[in-house]
Amino acid sequence: MIPRLRPFLGNEELLAVLRRERGAVKRFEQAFASTFDAKYALAFPYGRSALWALFKALGIQGAEIVMPAYTCVVVAHATVLSGNTPRFVDVSLYDYNMILDQLEQAINHRTRAIIATHLFGYPLDLDRLGQIVRDAEERIGHKIWVIQDCAHSFGARWKGNLVCNNGDAALFSLDISKMITSVVGGIITTNDAQLYERMQDFRGKNFNRPVLFKTIRRLIYLLALYPTFSEHTYYLVNWLERNTKFLDPLTKAYHLDDKIHFPPDYSSRMLELEAAVGLVQLKKYAEVVRRRQENARYYDTHLRGLPGLALPPIVDGATYSHYVVRVDNRESVLSLFRRFGVQLGELIEYSIPAMNSFAPYANQQSFPNAMKCSQSTINLPVYACLTDSQRAKIAEIMREQAVPWLMANLKQ
């Protein structure tokens, strides 16, 4: 079975882990900053831990943090757990980023930060964002921190410039579903020396050294990834994921989307093992982006114009963490592809303000586009190790099986 995601791992990552060289976390931070043209980078156990630490280091508490209604819910988790209130903005059905007219309306005297998410690798209009923030700061009389959420947008560019270097800081997530991975982890980049020092000081005082057991667990998890995502064994993995609770400790337990919480090791520092993997992954970064862009263009060429599919745009500067298609009858399309040996992705299956835990923060507003996306999006595999034959198979199933099925059901 072709899996919906697959980390781009090889023998190099295993060799790097087995060498057990000291100082890998510091070297990873330096290499990450250099790769993305930033002055500073700080590593954390999770992206959500990094965002929480950023709010804490800045002393932002009791404030409103503006963010998309359709994004990974852990962004909202970190916001609430840092003592702040999420303020949601609906997203565009074109590129899935915040509607900037609505962002402008959402900013008020309580706003202290904006999470500018570049969802699925699509760059947000940073010119317009910058003007909105400048006008708002002048109107309300205090600084608004701009945090670029690059968890899906490693290397994304707006007018040729890396989006991660706009604003005050950028947030990256490094789990196995991301464009490059450290197995688990997160990182903050910034060009602000004072902010870097404040975050470094906060991390030093509030994040603990990881215990040996965590290293052992992470090593076992890394070793398990190699057979898990093999096309030959993934049938079993997919069956276990859908029909049993066997894999829940490795998957659902770390999200629990509708429960505002952190994983138990959220304040444990990044492991040397994780950083060693990340260092190897950085060397593959250019190839990862090239392949994802190539795969997205292939799907666009072979699927554009087919009825029943709302395809994503092909955009200059996008890096395609996901190639997202909207369809009616999503569950039926997913089931059809499984019959042909392909698992399509469902990444964000919720509109955050519609979730029980976050409904109190919705201010009785509606977010129709976020709801539509949560009910109709699927993503086609675009990962770097997707083969040409696998890619062709996926496009063929969509053309020859899924689209005729969709059309037949629309006529009934």
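Because the structure is a prediction, the values reported are computed rather than measured. (Residues numbered from 1 in each chain as written. Predicted model: local features only at pLDDT ≥ 70, side-chain atom pairs only at ≥ 80, totals over all residues. Heavy atoms only, no water.)

Things to note about the overall build of the protein
Heads up, the condition is: A run of H or I in DSSP counts as a helix once it spans at least four residues, and a run of E counts as a strand once it spans at least two, with each numbered from the N terminus. Only C-alpha atoms enter the radius of gyration, while the globule expectation follows 2.2 Å times N to the 0.38, with N the number of residues. Only protein chains enter the calculation, and the probe is 1.4 Å; a residue is then buried if its accessible area is under 20% of its type maximum, exposed if over 50%, and partly exposed in between. Exposure was quantified through the Shrake-Rupley algorithm and a 1.4 Å probe, taking into account, for residues, occlusion by the shown protein chains and nothing else. His is not counted here, nor are the chain ends, while Lys and Arg score as positive and Asp and Glu score as negative. Every charge is mapped to an atom, namely NZ of Lys, CZ of Arg, CG of Asp or CD of Glu.
Counting its secondary structure elements, the protein contains 13 helices and 11 strands. Taken over C-alpha atoms, the radius of gyration comes to 21 Å for the protein, in line with the 22 Å a tight globule of 412 residues would show. The principal-axis extent of the C-alpha atoms belonging to the protein is close to 55 × 50 × 40 Å. A buried classification covers 57% of the 412 residues belonging to the protein. Counting only carbon and sulfur atoms, one obtains 51% of the accessible surface of the protein, whose full area is about 17600 Å². The distance from the centre of the 48 positive side-chain charges to the centre of the 40 negative ones in the protein is 5 Å.

Concerning the pattern of salt bridges
For the record, the criterion: We define a salt bridge as a side-chain nitrogen of Lys or Arg found within 4 Å of a carboxyl oxygen belonging to Asp or Glu.
With the rule as written, the count across this model stands at 24 salt bridges. We note a salt bridge from R391 to E294, for which the minimum N-O separation is 3.4 Å. Residue R391 is located in helix α13 (residues 388-411), and its partner E294 is located in helix α10 (residues 272-303); the two are separated by 97 residues in the primary sequence. The buried category is assigned to R391, whose relative accessible area is 8%. Residue classification places E294 among the partly exposed residues on the basis of a relative accessible area of 25%. Here the salt bridges do not stand alone but share partners, grouping R290, R291, E294, D388 and R391 into one network.

As for the sheet that holds strand β9 (residues 186-190)
Backbone hydrogen bonds are what pair the strands of a sheet, in a parallel or an antiparallel way. Put simply, the test is: At least two bridges found by DSSP between two strands are what make those strands a pair. All axes are obtained by fitting lines to C-alpha atoms, using only the stretch in contact for helices, and the reported angles, taken between N-to-C directions, cover 0 to 180 degrees. The contact criterion used throughout is that any non-hydrogen atoms of two residues lie within 4.5 Å.
Spatial strand order, β1-β9-β8-β5-β4-β2-β3: 7 strands in an open sheet with mixed pairing. Of all the strands in the sheet, the pair left with one neighbour each is β1 (40-44) and β3 (85-89). The mean inter-strand angle of the sheet, taken between neighbouring strand axes irrespective of direction, is 25°. Strand direction decides the pairing type here: strand β4 (residues 111-117) and strand β5 (residues 145-149), joined by 5 bridges, are parallel. In the strand pairing of β5, I114 is matched with V146. Along the sheet face, helix α2 (residues 24-35) touches β1, β8 (169-173) and β9 and points at about 135° away from the line of β1. Where helix α7 (residues 193-206) meets the sheet, its contacts fall on β1, β5, β8 and β9, and the angle it forms with β1 comes to roughly 25°.

Some details on α2
Put simply, the rule reads: Given the number of residues in a helix, its expected span is that number minus one, multiplied by 1.5 Å. What the arc measures is the spread of directions leading from the helix axis to the C-beta atoms.
An ideal rise of 1.5 Å per residue puts 16 Å on 12 residues; α2 measures up with 16 Å between its terminal C-alpha atoms. Within the sequence span of α2, burial applies to A24, V25, F28, E29, F32 and A33. On an axial view of α2, the arc spanned by its buried residues comes to 165°, and they lie on one face. Contacts made by the buried residues of α2 are with β1, β8, β9, α7 and α10. D37 occupies a position one or two residues after α2 and carries a positive phi of about 55°.

A look at the nonpolar core
Here is the rule: We call a set of buried Ala, Val, Leu, Ile, Met, Phe, Trp, Tyr and Cys residues a nonpolar core when their side-chain atoms join them within 4.5 Å.
Among the nonpolar cores identified, the biggest contains 129 residues, and F32 and F337 are the most heavily contacted of them. Contacts of F337, omitting those with residues within four sequence positions, involve V342, L344, I394, I397, M398 and A402. Counting residues in each nonpolar core, the second largest holds 17 residues, with L5, V183, Y221 and L271 among its members.

Remarks on the side chain of R87
Just so we agree on the cut-off: In the analysis that follows, any N or O atom pair within 3.5 Å is treated as a polar contact, provided that within protein one partner can donate a hydrogen and the other can accept it, and provided that, for residues neighboring in sequence, both atoms belong to side chains.
Relative to the helices and strands, R87 is located in strand β3. In this structure the side chain of R87 is engaged in a polar contact, spanning 3.5 Å, whose partner is the backbone oxygen of A106. Every residue in contact with R87, bar those within four places of it in the chain, is listed here: E64, I65, V66, M67, A106, N108, N363 and Q365.

Notes on empty space enclosed by the protein
To keep it simple, the criterion reads: Every definition here rests on a 1 Å grid over the protein atoms only: cavities are sets of points where a 1.4 Å probe fits but cannot get out, pockets are open sets enclosed by protein on both sides within 12 Å along at least five of seven lines, and lining residues have some atom within 4 Å of a point. Grid points are joined across faces, edges and corners, and a volume is the space filled by probe spheres set on the points. Note on residue classes: Ala, Val, Leu, Ile, Met, Phe, Trp, Tyr, Cys and Pro are nonpolar, Asp, Glu, Lys and Arg are charged, and everything else, Gly too, is polar.
Counting across every chain of the model gives 1 cavity of 30 Å³ or more. The space that makes up the largest cavity amounts to roughly 30 Å³. R6, P7, F8, K178, M179, V288, R292, Y383 and A384 are the residues that line the largest cavity. Among the residues forming the lining of the largest cavity, the class breakdown is 6 nonpolar, no polar and 3 charged.

A short note on helix α4 (residues 74-81)
With 7 of its 8 residues buried, α4 lies for the most part within the structure. Three or more residues of α4 are buried, namely V74, V75, A76, H77, A78, T79 and V80. Packed against the buried residues of α4 are α3 (47-58), β2 (64-68), β3, β4 and β5. At the C-terminal side of α4, G83 shows a positive phi close to 90°.

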